[in-house]
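Summary of the model geometry
What follows is each chain in one-letter form.
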Amino acid sequence: MRLPSLGLFVASALGLAACRDQADGGGGGSREQITAVGSSTVYPFTTLVAETFVANNPDAKAPVIESTGTGAGMKLFCAGVGAGHPDIEDASRRMKRGEYAACAANGVGPVMEVQVGIDGIAFAEAKGGPGMTLTPADLYRALAAAPLGRRNTARLWRDVNAALPATPIQVYGPPATSGTRDALAELILTRGCEATDPAAKALDPEAHRARCTRVREDGAYVDAGENDNLIVQKLAANPTAIGVFGYSYLEQNAASVNGVAIDGVRPTYATIAAGAYPGSRPLYLYVKIAHLRAVPGLATFLSLYAGAWGPQGPLVRRGLIAAPAAVRAKAAAVVADETPLDPATLPS
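This part is about the overall build of the chain. Of regular secondary structure, the chain possesses 14 helices and eleven strands. Relative to its length of 348 residues, the chain is compact, with a C-alpha radius of gyration of 21 Å against a globular reference of 20 Å. Here the chain holds 348 residues, and the buried ones make up 53% of them. For the chain, the computed accessible surface area is about 14,000 Å², with 55% contributed by carbon and sulfur atoms. Computing the positive centroid from 31 side-chain charges and the negative centroid from 31, the chain places the two 5 Å apart.

Shown next, in the form of structure tokens:
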């Protein structure tokens, strides 16, 4: 069973009234629907679990799943506790300490951090494209706003590497609010920057961001929004362009796009699961513990998630890469025991 449009019902869901605020907060009445916001990469997996939840509980209201991007979703998730605020944040990176602090300041209380699997930020080109093979250094020189501290003037791929074709640099990718964009910065651009300019490692954080991970805004990198399927469509219309999105979208669109090798390694299930592909990254759910008893079915929903992320599970068939057995066991224990996240472990 496939739900017609899970993201369209958020306004009505948050306006539902009942006898009390089911999350015991100040948030706008009550509701009987599970709500999730966040990563476009995690969205299809949470959507699949929502479909299963409704199939198993036909009297339940359909969960409301919105693809807002990880960063924007964190702001919504951490804005408060109660029926007017989401229960779940889908994230393609870990929560940051500042985001946790915002949650705490807004009375959100303890949250669970659940790793649901692994993904890779995949670089792709259209079938019939130039057959690119890139390195993090190539991508840094092509996409950074100020490689080596100088304004980026490269227009062709050949300008950054003589072995590459003389085709325009045009990369369709996620916006700054996306966890995929954060992963591009941390996993690829930083690696390419520090390989090209070892002195960058000694820079203070702000200077490092300016030198290594600030993306150019002159048209070479095109912010294509949070709809990764739109990037796939743009690649079909522009066969010399490169797209950046989660691996699951590459797998789902294998008939129309090819993965681009990075450091000689193509994005595949096996290379990402093994950590051989440079863009490998974990995927997470963040869940408000205060909502577990208050929102009908939320605990059941999480149990369904834990039962679906194994190597033979339905989420892998949708494009998720299963985490190692020890990671899955730890995540399942977090769900079963409702273990709160220790904010001291979070990145700055």
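Within the secondary structure, alanine 274 is located in the loop between helix H11 (269-273) and strand E11 (280-288). You can call alanine 274 exposed: its relative accessible area is 63%. Expressed as a C-alpha distance, the spacing of alanine 274 and alanine 62, which sit 212 residues apart in the sequence, is 36 Å.

This brings us to the state of the cysteines. Considering all chains together, one arrives at two disulfides under this definition. Each sulfur in the disulfide pair cysteine 78 and cysteine 103 lies 2.0 Å from the other. The chirality of the disulfide connecting cysteine 78 with cysteine 103 is left-handed, given an S-S dihedral of about -70°. In this pair, cysteine 78 sits in the loop between helix H3 (70-77) and strand E3 (88-91) while cysteine 103 sits in helix H4 (residues 97-105), placing the two residues 25 residues apart along the sequence. You'll find cysteine 78 and cysteine 103 in the same group, each marked buried. In the chain, the bonded cysteines, numbered by position in the sequence, are linked as 1-2, 3-4.

Counted by the stated rule, this structure contains twelve salt bridges. Linking aspartate 87 and arginine 31 is a salt bridge whose minimum nitrogen-to-oxygen distance equals 2.8 Å. Here aspartate 87, found in the loop between H3 and E3, pairs with arginine 31, found in the loop between helix H1 (10-14) and strand E1 (35-38); they are 56 residues apart in sequence, far enough to count as distant. Overall, arginine 31 belongs to the buried group, its relative accessible area being 2%. Ionic pairing is found between arginine 141 and aspartate 138, a salt bridge with its closest N-O pair at 4.0 Å. Here arginine 141 pairs with aspartate 138, and both are found in helix H5 (residues 136-143), just three residues apart, close to one helical turn.

Moving on to the packing of aromatic side chains. The tally for this structure, following the rule as stated, stands at four aromatic pairs. Where phenylalanine 53 meets phenylalanine 301, the ring centres are 6.0 Å apart and the plane angle is 70°; that geometry is what we call edge-to-face. In this pair, phenylalanine 53 sits in helix H2 (residues 43-56) while phenylalanine 301 sits in helix H12 (residues 298-308), placing the two residues 248 residues apart along the sequence. With relative accessibility at 0%, the residue phenylalanine 301 sits in the buried group. Centre to centre, the rings of phenylalanine 301 and tyrosine 305 are 6.2 Å apart; their planes meet at 75°, and the pair counts as edge-to-face. Residue phenylalanine 301 and its partner tyrosine 305 are both found in helix H12; the two are separated by four residues, about one turn of the helix. For the residue pair phenylalanine 301 and tyrosine 305, the accessibility class agrees, reading buried in each case. Among the aromatic side chains, those forming a connected cluster through ring pairs are Phe53, Phe301, Tyr305 and Trp309. Over the ring of phenylalanine 77 we find lysine 288; its NZ or CZ atom is 4.7 Å from the centre of that ring.

On average, residues of the chain score 90 in pLDDT, and 91% of them are at 70 or above. pLDDT under 50 marks residues 1-20. Its contacts with residues more than four places away, or in other chains, come to 37 contacts.

The geometry of H2 relative to H12 is characterised by a closest axis approach of 10 Å and an angle of 120° between their N-to-C directions. In this structure, the crossing between H2 and H12 has a hand that is right-handed. The residues of H12 that touch H2, namely those facing Phe45, Thr46, Val49, Ala50, Thr52, Phe53 and Asn56, are Thr300, Phe301, Leu304 and Tyr305. The residue inventory of the contact of H2 with H12, partitioned by class, reads seven nonpolar, four polar and no charged.

About the cut-offs
Residues numbered from 1 in each chain as written. Predicted model: local features only at pLDDT ≥ 70, side-chain atom pairs only at ≥ 80, totals over all residues. Heavy atoms only, no water. Helix = DSSP H or I, 4+ residues; strand = E, 2+ residues; numbered from the N terminus. Rg over C-alpha atoms; globule rule 2.2 N^0.38 Å. Buried < 20%, exposed > 50% of the residue type's maximum accessible area, 1.4 Å probe, protein only. Areas by Shrake-Rupley, 256 points an atom, 1.4 Å probe, with all protein chains shown as cover. Lys, Arg positive; Asp, Glu negative; His and termini not counted. Charge placed at Lys NZ, Arg CZ, Asp CG, Glu CD. Disulfide = S-S within 2.5 Å. Salt bridge = Lys/Arg side-chain N within 4 Å of Asp/Glu carboxyl O. Phe/Tyr/Trp six-rings, centres within 6.5 Å; stacked < 30°, edge-to-face > 60°. Lys NZ or Arg CZ within 6 Å of the ring centre and 35° of its normal. pLDDT = per-residue confidence, 0-100. Contact = heavy atoms within 4.5 Å. Axes fitted to C-alpha atoms, helices over the stretch in contact; angles between N-to-C directions. Left-handed = near helix turned anticlockwise from the far one by under 90°. Nonpolar A, V, L, I, M, F, W, Y, C, P; charged D, E, K, R; others polar.

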